[in-house]
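Spelled out from the first residue to the last, the chains are:
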Amino acid sequence: MKLTLTPDELNACYGELHEANAAFKGHYPADSSERQPVHTVYGGANLFKAGFAGKLGEVALKTLDTYAPNYHVFARVLGLPGAETLPSNPVEIDSLTRALESNPEQVREIKQAAWLAFTVYNRVVKKLRTEPIEDNRIDFEDGYGNRPDDEEDGHAVAAADEVAKGMSESVLSPFIGIRIKTFSDECKVRSIRTLDIFLTRLAEKTGSRLPENFIVTLPKVTTPEQVSACAGILAKLEARLGYPKDSLRMEIMIETTQSIINHRGENTVPLLVAAAAGRCRSAIFGTYDYTASCNITAAHQSHTHPSCDFARHVLQVSLAGTGITISDGATTSMPIGPHKASAGSALSPQQLDENRAVVHGAWKLHYDNIMHSLQHAYYQGWDLNPGQLPVRYAAVDTFFLSGLQDASARLNAFLNKAAQATLVGNTFDDAATGQGLLNFFLRGMACGAITEQEVLATGITLDELRSRSFVRIVNNRTRQ
């Protein structure tokens, strides 16, 4: 066949493309295959104890039992899909519950909403009993406040002691870390001192061992120099205290307009990540500090404000494919009733109703906010109170379970089509949608919302799932 381009011209072109493609892969190595927690629970450092996770789980279970003692109440409060169709008559509820307990899949075929509400509620209860907190952040910033130096010094030492105790007793959450103060001129001295004290004490108590998935959170980042300073301090502490090389990781909090677009009109996010010199594991969006930096008044600051969605998307497109995970912010309306019973005096029926209304309202807002995050592909967020934990897990489970049947059918169809595909063009056209379906199952399994059996029912194998690539699955099946 006659060609116009010479071999030398082609080789030069191939070489340039190879270098460019290699550079691209260096910048975008792909999303991390490591587990990402569905939330981070922040709590003041002065309150942290080794058994913090278990204690909050107990409080969360008590709150759930008090304000939603069964699945149909919980489903109605949160507004789970089809919750309005659930029975309210006690006799009907009892009959439906017995049917769900004896044969849930049979009920699922005829009453999807009941199956979903029942399954979500029971998975939430199990989660709160077995792993109530996935990620815990010992907070020396907003959740702690400004205190005398002697007091913060003491809390830094005490927190390190409790972490060491938690390590020895195996009671820490799977992910844990500390949030120091910002590196602004006003706080930099205090922030670095707390970090030094905590890590020095922890090294003394543990023989320079860190908890699994330990991380340092740097809040209110505004310049790459703040990030590079933190990374440099971590490197020095790591070397001098005997921690393994590159074991001290960090995450940055995007809470200001300047951390999105700088004074030169540049996207700041990649510059901040690069300044961490490989130590940055994740980036967190801070809803309320960010809206304040946009001069949005308190009455209109919200998780779903359009300014927040803009910042989320900038953060998302900046970090997609880099391996850096992203996390969304918090719901600040707490599920805490206004009335508390005093010793020897019970609450009146009206006070109980008022407590219930406040808790249910805060739950519904938190559920809607989490769903907003999940729909925008933010699979992690903040929780600030144990009463929010049932809602966090309910929202995550609902998000994946409500789409499970449709996603299973679609993935099965795509896999069958891939096995028969012969045209590269047709296969490529399906790749993006197929990868999206694969990501759905990978995310669902990682957070425990989807079981391994439910994934295998789609026709995919475990080896294919572990490849994390729909294109690779297609290529392997077409060669068979």
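Please refer to the structure higher up on the page.
Here the structure is a predicted model, which is why all the values come from computation and not from measurement.

(A) Geometry of the overall build of the chain. When you go through the chain residue by residue, the secondary structure sums to 19 helices and 8 strands. Against the 2.2 N^0.38 benchmark of 23 Å for 480 residues, the chain shows a C-alpha radius of gyration of 25 Å, consistent with a compact globule. By principal-axis analysis of the C-alpha atoms, the chain measures approximately 95 × 65 × 45 Å. Counting the 480 residues in the chain, one finds 49% classified as buried.

(B) Molecular detail of the sheet that holds strand β8 (residues 381–383). Spatial ordering of the open sheet is given by β7-β6-β5-β4-β3-β2-β1-β8, a layout of 8 strands whose pairing is parallel. Either end of the sheet is taken by a strand with one partner, and the two such strands are β7 (325–327) and β8. Direction aside, neighbouring strands of the sheet carry axes that sit 30° apart on average.

(C) Here's a closer look at the nonpolar core. Leu 199, Ile 252 and Trp 363 are the most contacted members of the largest nonpolar core, which has 121 residues in total. Setting aside anything within four residues of it in sequence, one finds Ile 252 in contact with Leu 218, Val 221, Val 227, Leu 272, Val 273, Cys 280, Ser 282, Ala 283 and Ile 284. One finds Tyr 42, Ile 284, Ala 330 and Trp 382 within the second-largest nonpolar core, a separate group that totals 5 residues.

(D) View of the packing of helix α7 (residues 149–169) against helix α8 (residues 188–206). For the pair α7 and α8, interaxial distance at closest approach is 8 Å and the crossing angle is 35°. In the crossing of α7 with α8, the sense of the turn from one axis to the other is right-handed. For the pair α7 and α8, contact is made by Asp 149, Glu 152, Asp 153, Ala 156, Val 157, Ala 159, Ala 160, Asp 161, Val 163, Ala 164 and Met 167 and by Arg 190, Arg 193, Thr 194, Ile 197, Phe 198, Arg 201, Leu 202, Lys 205 and Thr 206, respectively. Split into classes, the residues belonging to the contact of α7 with α8 amount to 10 nonpolar, 2 polar and 8 charged.

(E) Quick peek at unusual backbone geometry. Even without being a glycine, Ser 170 presents a positive backbone phi close to 55°. Positionally, Ser 170 belongs in the loop between α7 and β3 (175–179). Here the phi dihedral of Asn 213 falls at roughly 55°; this positive angle occurs in a residue that is not glycine. In this fold, Asn 213 is placed in the loop between α8 and β4 (214–218). According to the relative accessible area criterion, Asn 213 is partly exposed, its value standing at 31%.

(F) How the structure looks around the pairing of strand β6 (residues 280–285). With respect to burial, β6 is a largely interior element, 6 of its 6 residues being buried. Inspection of the sheet shows strand β5 (residues 249–254) paired to β6 by 5 bridges, in the parallel sense. By the bridge assignment for β6, Met 253 is matched with Ile 284. Between β5 and its parallel partner β6, the chain crosses via helix α10 (residues 269–275), and the hand of that crossover is right-handed. Here 3 bridges tie β6 to β7, and the two strands are oriented parallel to one another. Of the residues in β7, the one forming a bridge with Ser 282 is Thr 325.

(G) Region of the structure containing helix α2 (residues 52–67). Compared with the 22 Å implied by 1.5 Å per residue over 16 residues, the 23 Å span of α2 between its first and last C-alpha is a close match. Turning to α2, its buried residues are Phe 52, Ala 53, Leu 56, Gly 57, Ala 60, Thr 63, Leu 64 and Tyr 67. Along the axis of α2, the buried positions cluster into a sector of 130°, meaning they face one direction only. Projecting away from the buried face of α2 at angles above 90 degrees are the exposed residues Lys 55, Glu 58, Lys 62 and Asp 65. For α2, the secondary structure elements touched by its buried residues are β1 (39–44), α3 (71–78), α6 (112–130), β2 (135–139), α13 (349–375) and α14 (389–401).

(H) Here's a closer look at the packing of helix α4 (residues 90–102) against α6. α6 packs onto α4 with a crossing angle of 70° between their chain directions and a minimal axis gap of 11 Å. One finds that α4 runs roughly perpendicular with respect to α6. Together, Leu 96, Thr 97, Leu 100 and Glu 101 of α4 and Ala 114, Trp 115 and Phe 118 of α6 make up the contact between the two elements. Looking at side-chain class alone, the contact of α4 with α6 contains 5 nonpolar, 1 polar and 1 charged residues.

(I) The arrangement of the side chain of Ser 327 in detail. In this structure, Ser 327 sits in strand β7. A polar contact is formed between the side chain of Ser 327 and the backbone oxygen of Gln 380, at a distance of 3.5 Å. When neighbours within four sequence positions are excluded, Ser 327 is seen to be in contact with Ala 283, Ile 284, Phe 285, Tyr 378, Gln 380, Gly 381 and Trp 382.

Each value, and the rule that gives it
- Residues numbered from 1 in each chain as written.
- Predicted model: local features only at pLDDT ≥ 70, side-chain atom pairs only at ≥ 80, totals over all residues.
- Heavy atoms only, no water.
- Helix = DSSP H or I, 4+ residues; strand = E, 2+ residues; numbered from the N terminus.
- Rg over C-alpha atoms; globule rule 2.2 N^0.38 Å.
- Buried < 20%, exposed > 50% of the residue type's maximum accessible area, 1.4 Å probe, protein only.
- Pairing = 2+ DSSP bridges.
- Axes fitted to C-alpha atoms, helices over the stretch in contact; angles between N-to-C directions.
- Core = buried A, V, L, I, M, F, W, Y, C linked by side-chain atoms within 4.5 Å.
- Contact = heavy atoms within 4.5 Å.
- Left-handed = near helix turned anticlockwise from the far one by under 90°.
- Nonpolar A, V, L, I, M, F, W, Y, C, P; charged D, E, K, R; others polar.
- Right-handed = clockwise from strand over helix to strand, strands pointing away.
- Expected span 1.5 Å × (residues − 1).
- Arc of directions from axis to C-beta.
- Parallel < 35°, antiparallel > 145°, perpendicular 65-115°, else oblique.
- Polar contact = N/O pair within 3.5 Å; in protein donor to acceptor, adjacent residues only side chain to side chain.

These results come straight from atomic positions and should not be treated as a statement about function.
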